[in-house]
Amino acid sequence: MPPLSRRLFLAAALPSPPDASSFTTRFAAEVKRPIPLSPAVQDFYAAYLQPHPELAPNQFVALVDRNPKSQLFLLYWRQPNQQFLFLGASSVSTGLPGRFEYFLSPLGLFEHSLAHPDFRAEGTKNEYGIRGYGEKGMRVYDFGWVRANKTWGDRRESTLRLQMHATDPDRLEPRLGLPLSKGCIRISASLNRFLDRYGILDAAYLEARREGRRLWVLPPDWNPTPWAGRYLVIIDTSGAWLTL
């Protein structure tokens, strides 16, 4: 163990943990239509994060509930005392069962890393007039190829490119809160900007920048917290007690 003077220096060199209340305030101010949750529901969801040893203290973590009756994104901060502090919630859309090439959004813990670099939406429309990734410039969070259950045919496991992204602001964003995606996680444009601006899930990108790497996908107003996280956890509370 380093001598006391060295340990004090190292402690002073580390950035202070973020004021959790400030991120609660920012979330409420910057994410449109945040969903208030009672303390009991906040704790109910936090319990789903406890089994994951990868979620070390002093990092943000994104939690998504694919329960058709919930369809929630929840942001937590793991405190030094190992407890999870709730910061905000918003509606999402996860996989819609029963259509060709539609998957159930997979369950588990997924790392956001540079192995599968993010990219930016071009804002172009498909043959149905839908901007699938949202308006131009929205960030597409890429979690790589994962195993997921098909909802057509033999319904066996297959491969899905798991992404979290904004969606068409006019035709699909108003329908967040319903399972409508092909398996990815659709979020609002305002939540996309919030996660992007503060680097909430950008631990790997922050490390790369510190090493001198130039990453074109990072926004001009990137103001990352030094305690960024790197994990998305997807759960399904269907059948569990839940009172929003």
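What counts, and at which threshold
Residues numbered from 1 in each chain as written. Predicted model: local features only at pLDDT ≥ 70, side-chain atom pairs only at ≥ 80, totals over all residues. Heavy atoms only, no water. Buried < 20%, exposed > 50% of the residue type's maximum accessible area, 1.4 Å probe, protein only. Helix = DSSP H or I, 4+ residues; strand = E, 2+ residues; numbered from the N terminus. Contact = heavy atoms within 4.5 Å. Pairing = 2+ DSSP bridges. Axes fitted to C-alpha atoms, helices over the stretch in contact; angles between N-to-C directions. Polar contact = N/O pair within 3.5 Å; in protein donor to acceptor, adjacent residues only side chain to side chain. pLDDT = per-residue confidence, 0-100. Core = buried A, V, L, I, M, F, W, Y, C linked by side-chain atoms within 4.5 Å. 1 Å grid on protein atoms, 1.4 Å probe; cavity = no way out; pocket = protein on both sides within 12 Å on 5 of 7 lines; lining within 4 Å. Points joined across faces, edges and corners; volume = space filled by probe spheres on them. Nonpolar A, V, L, I, M, F, W, Y, C, P; charged D, E, K, R; others polar.

Our next topic: helix H3 (residues 39-46). One turn of the α-helix equals 3.6 residues, which is why residues spaced by three or four share an orientation. If you check which residues of H3 are buried, you get Val41, Gln42, Phe44, Tyr45 and Ala46. Residues of H3 that are buried in the fold lie against strand E1 (59-65), strand E2 (72-78), strand E3 (84-91) and strand E9 (231-235).

Our focus in this paragraph is the sheet that holds E1. Reading across the sheet, the 5 strands line up as E3-E2-E1-E9-E4 and stay open at both edges, with mixed pairing between neighbours. Edge positions in the sheet fall to E3 and strand E4 (108-111), since each has one partner strand and no second. Direction aside, the axes of adjacent strands within the sheet are offset by 25° on average. Relative to E9, E1 is paired through 5 bridges, and the arrangement is parallel.

Another point: helix H5 (residues 203-210). Listing the buried residues of H5 in full gives Ala203, Ala204, Tyr205, Leu206 and Ala208. The elements touched by buried residues of H5 are strand E6 (139-149). Once H5 finishes, Gly212 follows within two positions and takes phi at roughly 95°, a positive value.

Counting buried residues in E3 gives 6 out of 8 residues, a clear majority hidden from the surface. Between E2 and E3, which follow one another and run antiparallel, lie 5 residues, and Gln82 among them has a positive phi close to 80°.

Another aspect to go through is the side chain of Asp118. Structurally, the position occupied by Asp118 is in the loop between E4 and strand E5 (119-120). Looking at Asp118, the relative accessible area reads 3%, which means it is buried. Polar contacts involving the side chain of Asp118 include one to the side chain of Arg139, which spans 2.9 Å. Not counting residues within four places of it along the chain, the set of residues in contact with Asp118 comprises His112, Arg139, Val140, Tyr141, Asp142, Tyr205, Trp216 and Val217.

Attention shifts here to the confidence of the model for the protein chain. A residue-level look at the protein chain finds 91% of positions with pLDDT of 70 or above and a mean pLDDT of 91. Low pLDDT, under 50, characterises residues 1-16; the stretch is placed with 5 contacts to residues that sit more than four places away or in other chains.

Here the focus is the nonpolar core. Core analysis: the biggest nonpolar cluster contains 32 residues, and Phe73, Leu75, Met164, Phe194, Leu195 and Ile200 have the highest contact counts within it. Among all residues touching Phe194, those that are not within four sequence positions of it are Phe23, Arg26, Phe27, Glu30, Val31, Leu75 and Ile200. Ranked by size, the runner-up nonpolar core spans 18 residues in total, among them Leu37, Ala46, Leu63 and Leu72.

Turning our attention to the layout of surface pockets. Size it by volume and the largest pocket reaches roughly 810 Å³. Contributing to the lining of the largest pocket are 29 residues, with Asn126, Ile130, Gly132, Lys182 and Arg186 lying nearest its centre. A per-element tally of the lining of the largest pocket places strand E7 (residues 157-165) first, with 4 residues. The residue makeup of the lining of the largest pocket, split by class, is 9 nonpolar, 10 polar and 10 charged.

A few words now on the sheet that holds E7. The strand order across the open sheet built from 4 strands is E5-E6-E7-E8, with neighbouring strands paired in mixed fashion. Of all the strands in the sheet, just E5 and strand E8 (185-186) have a single pairing partner and so form its edges. When E6 meets E7, the two strands line up antiparallel, connected through 7 bridges. Counterpart to Asn149 in the pairing with E7 is Glu157. Relative to the sheet, helix H4 (residues 189-198) contacts E5, E6 and E7, its axis offset from that of E6 by approximately 105°.

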